[in-house]
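Descriptive analysis of the structure
Okay, here's what each chain looks like letter by letter:
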There are 2 protein chains.
Amino acid sequence: MEDKIRLYELVTQNGRSASPYVWRIRYSLAHKGLPFESMPLGFCDIQKQFGGRFKTVPVIEHGATMMAESWDIADYLDREFPDRPPLFGSAGERATLRLLENWIGIEILRPMFRIYALDILNAARPEDRPYFRSSRENWLKGVTLEEFTADRTSQLPKFREGLLPLRLHLASYPFLGGNTPNYADYMVLGLFQWVGTVSTLPLLAKDDDTLRSWLERGFDLYGGIGRAPGMQPLFE
Amino acid sequence: MEDKIRLYELVTQNGRSASPYVWRIRYSLAHKGLPFESMPLGFCDIQKQFGGRFKTVPVIEHGATMMAESWDIADYLDREFPDRPPLFGSAGERATLRLLENWIGIEILRPMFRIYALDILNAARPEDRPYFRSSRENWLKGVTLEEFTADRTSQLPKFREGLLPLRLHLASYPFLGGNTPNYADYMVLGLFQWVGTVSTLPLLAKDDDTLRSWLERGFDLYGGIGRAPGMQPLFE
């Protein structure tokens with residue numbers, strides 16, 4: 001009998017899984033057909049739960065193994081379950097995805113945080129908010145989340161323009177991974193899951209049909225795991 | 001006996017292969033260990049050579065096959081030479097590289113053209129210059145190449161910052177493709193070959209050691225095919 005997998009994940013007040021990195025692993029587990037037990041944590045629970053050993057989620061527990069970092073977890077899943085569909089079909093695919101992760105982090109994730117930092121605060125469980133505010137405002141060197149996001153509407157045009165490489169690709173392929181989804185889809189879908197969990201400002205233009213179709217396909221994957229309740233509108 | 005491969009490529013006045021797309025195929029042929037005969041053309045020869053069938057290089061000729069478009073050629077080489085090292089190790093690697101190609105086109109190639117458009121003109125064979133100028137100034141809706149590049153020095157900081165995803169990756173891996181080079185390396189190396197062929201303005205900061213080391217490794221690949229004479233300094 002296989003050991004059960006536990007996935008420690010971040011939840012907001014509405015109970016939704018809220019971390020873009022956790023969503024990568026949710027999709028990765030589904031890709032490999034691996035069931036898991038969800039272990040929901042708030043921001044402030046992470047320190048207590050792991051006694052400082054891990055500072056971020058996702059964390060997975062599988063038999064005697066306990067580990068953090070989404071990329072390392074994806075590698076672990078491929079190594080530990082070689083009979084399941086691989087996340088990385090070749091060494092070159094893995095490396096190219098790793099490179100793409102940098103681009104996604106800089107060109108998509110960062111601008112999303114720029115727009116939604118205050119929404120994340122307000123979506124967090126009340127008991128997590130003081131920690132979230134102080135840790136993030138510390139990163140921002142004392143700029144408040146309110147100040148940081150005050151001009152966020154003006155960020156939208158540039159953000160949307162930055163998604164052009166995705167649109168060009170999706171004009172030819174149903175998924176970022178080509179005819180079937182791969183880890184590139186899971187990385188970007190996870191970012192939109194994050195935004196959709198907290199958003200009070202629609203991120204995408206209503207006529208962005210290429211991205212809309214892909215998001216619909218992506219959220220439907222694996223029995224609709226992206227359809228968890230509580231998703232805010234992503235489109236104007 | 002295998003049919004010979006002919007590679008039709010663009011040359012500048014100094015005889016250097018000057019197209020970033022041709023360089024992708026030069027590296028791809030070397031990756032697969034396939035020799036080829038170079039068929040150098042100037043900008044104005046392309047129309048004459050192919051009678052309008054192809055408007056751009058690379059074009060390869062192999063037996064009865066003659067085809068353009070670097071991406072299609074790479075696919076052809078993998079299909080036609082399945083016993084040679086693959087350019088695309090998995091369907092997901094191929095799709096991820098295709099997505100990356102969009103990012104590279106928008107975030108690296110376009111800004112390079114913004115900086116080097118006039119240098120390309122001046123590096124072309126004298127007989128090709130009127131065609132190059134008129135076709136590109138037509139794209140630019142009448143803006144001259146001189147006007148287009150007048151403020152190019154001010155573009156450098158943003159361009160260099162845009163390479164951060166590459167630097168982050170190369171801090172952990174010797175090549176964009178991981179431990180061995182893949183088509184991601186060939187795409188970006190080809191862009192630097194293009195710049196190095198025409199440049200009168202060093203593109204990179206002198207302390208950009210991460211990119212410098214990777215470029216040295218990349219130019220040394222396959223017996224140093226990137227070391228063709230006539231390379232201008234890439235670093236300040």
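Note that residues are indexed from 1 along each chain, following the sequence as it is written. For this description, chains carry letters from A and ligands carry numbers from 1, given in the order in which they are written. This being a predicted model, a pLDDT of at least 70 is required before a residue's local features are given, and a value of 80 or more before pairs of side-chain atoms are given or counted; all residues contribute to the totals for chains, interfaces and linings. Water and hydrogen atoms play no part in the side-chain values, which are based on all heavy atoms of the structure.

1. A short note on the overall build of chain A
Here a helix means four or more residues in a row that DSSP labels H or I, a strand means two or more in a row labelled E, and each is numbered from the N terminus. Across its full length, chain A carries ten helices and four strands. In chain A, the order of α-helices and β-strands from amino to carboxyl end is β-α-β-α-β-β-α-α-α-α-α-α-α-α. Relative to the 2.2 N^0.38 estimate, which gives 18 Å for 236 residues, the radius of gyration of chain A is 18 Å and therefore close to what a compact globule would have. The contacts in chain A between residues at least 6 apart in sequence include a share of 71% that link residues at least 24 apart. Atoms considered for the radius of gyration are the C-alpha atoms alone. The globule rule reads 2.2 Å times the number of residues to the power 0.38. It only takes one pair of heavy atoms within 4.5 Å for two residues to be counted as in contact.

2. Remarks on the packing of helix α1 (residues 20-31) of chain B against helix α10 (residues 209-224) of chain B
Residues and elements named next belong to chain B. As a packed pair, α1 and α10 sit with axes 10 Å apart at the nearest point and diverge in direction by 50°. Taken together, α1 and α10 sit at an angle that is classed as oblique. Of the residues in α10, those in contact with Tyr-27, Ala-30 and His-31 of α1 are Gly-218, Phe-219, Leu-221 and Tyr-222. Polar here means any residue outside two lists: the nonpolar Ala, Val, Leu, Ile, Met, Phe, Trp, Tyr, Cys and Pro, and the charged Asp, Glu, Lys and Arg; Gly therefore counts as polar. A class-by-class count of the residues in the contact of α1 with α10 yields five nonpolar, two polar and no charged. Axis geometry follows a simple rule: fit a line to the C-alpha atoms, using only the stretch in contact for helices, then measure angles between N-to-C directions, giving values from 0 to 180 degrees. Roughly parallel refers to an angle under 35 degrees, roughly antiparallel to one over 145, roughly perpendicular to one between 65 and 115, and oblique to any angle outside these ranges.

3. A few points about the relation of the copies chain B and chain A
Two copies of the chain are present, and they differ by a rotation about an axis and a shift along that axis. Here the copies are superposed with least squares, the fitted atoms being C-alpha atoms of residues at a pLDDT of at least 70 in both. The two copies are related by a screw operation: chain B maps onto chain A through 180° of rotation and 0.0 Å of translation along the axis, at an RMSD of 0.0 Å. What the superposition gives is, in effect, a two-fold axis relating one chain to the other. The rotation axis passes nearest to the C-alpha of B:Glu93 in chain B, at a distance of 2.0 Å. Most of the interface of chain B is mirrored in chain A, where 100% of its interface residues again form contacts.

4. Quick look at the packing of helix α9 (residues 183-198) of chain A against helix α10 (residues 209-224) of chain A
Residue and element names in this part refer to chain A. Contact pair α9 / α10: the axes reach a minimum separation of 11 Å and the direction vectors enclose 100°. It follows that α9 is roughly perpendicular to α10 by the angle criterion. Across the interface between the two elements, Asp-185, Tyr-186, Val-188, Leu-189, Phe-192 and Gln-193 of α9 pack against Trp-214, Leu-215, Gly-218, Phe-219, Leu-221 and Tyr-222 of α10. Residues belonging to the contact of α9 with α10 are distributed by class as follows: nine nonpolar, two polar and one charged.

5. A few points about the interface of chain B and chain A
Taken together, the 31 residues of chain B in the interface contact 31 residues of chain A. By buried area we mean the combined loss of accessible area, with a 1.4 Å probe, across both parts when two parts are placed together. Across the interface of chain B and chain A, roughly 2500 Å² is buried in total on both sides, 70% from carbon and sulfur atoms. Any Lys or Arg side-chain nitrogen found within 4 Å of a carboxyl oxygen on Asp or Glu counts as a salt bridge. Applying the counting rule to chain B against chain A returns zero salt bridges. By the criterion applied in these results, polar contacts are pairs of N or O atoms within 3.5 Å in which, for protein atoms, one can donate a hydrogen and the other can accept it, and in which residues neighboring in sequence qualify only through two side-chain atoms. Applying the counting criterion to the chain B and chain A interface returns eleven residue pairs in polar contact (both at pLDDT 80 or more). Here the side of chain B that touches chain A takes 17 residues from helix α4 (residues 91-123) of chain B, the largest share from any one element. Across the side of chain B that touches chain A, the residue classes tally to 17 nonpolar, nine polar and five charged.

6. What to know about the pattern of salt bridges
All names here are of chain A. Here the structure, examined in full by the defined rule, presents 40 salt bridges over all chains. Note that Glu-37 is salt-bridged to Lys-4, the shortest N-O span being 3.5 Å. Of this pair, Glu-37 sits in strand β2 (residues 37-41) while Lys-4 sits in the segment before β1 (5-10), and the two are 33 residues apart along the sequence. Note on classification: 1.4 Å probe, protein chains only; a residue is buried when its accessible area is under 20% of the maximum for its type, exposed when over 50%, partly exposed between these limits. Residue classification places Glu-37 among the partly exposed positions, given a relative accessible area of 29%.

7. Looking at the environment of B:Ala228
With respect to the helices and strands, B:Ala228 occurs in the segment after α10. Spatially, the C-alpha atoms of B:Ala228 and B:Gly15 are 9.7 Å apart, while their sequence positions differ by 213 residues.

8. Structural notes on the side chain of A:His169
Of note, A:His169 is situated in helix α8 (residues 164-170). Apart from the residues lying within four places of it in its own chain, the contact partners of A:His169 are A:Phe175, A:Leu176, A:Gly178, B:Ala95, B:Arg98, B:Leu99 and B:Asn102.

9. Quick look at the nonpolar core
Put simply, a nonpolar core is a bunch of buried Ala, Val, Leu, Ile, Met, Phe, Trp, Tyr and Cys residues held in one set by side-chain atoms that sit within 4.5 Å of each other. Among the nonpolar cores identified, the biggest contains 156 residues, and A:Phe192 and B:Phe192 are the most heavily contacted of them. The contact partners of B:Phe192, leaving out residues within four places of it in the chain, are B:Met112, B:Leu163, B:Leu203, B:Leu204, B:Trp214, B:Leu215, B:Phe219, B:Met231 and B:Leu234.

10. Some thoughts on α9(A)
All names here are of chain A. Helix span, as expected, comes to 1.5 Å for every residue beyond the first. With 16 residues, α9 should cover 22 Å at 1.5 Å per step; its first-to-last C-alpha distance of 23 Å lies within 8% of that length. Most of α9 sits inside the fold, with 16 of its 16 residues counted as buried. Sitting at the amino-terminal end of α9 is Asn-182, which places a side-chain oxygen 2.9 Å from the backbone nitrogen of Ala-184.

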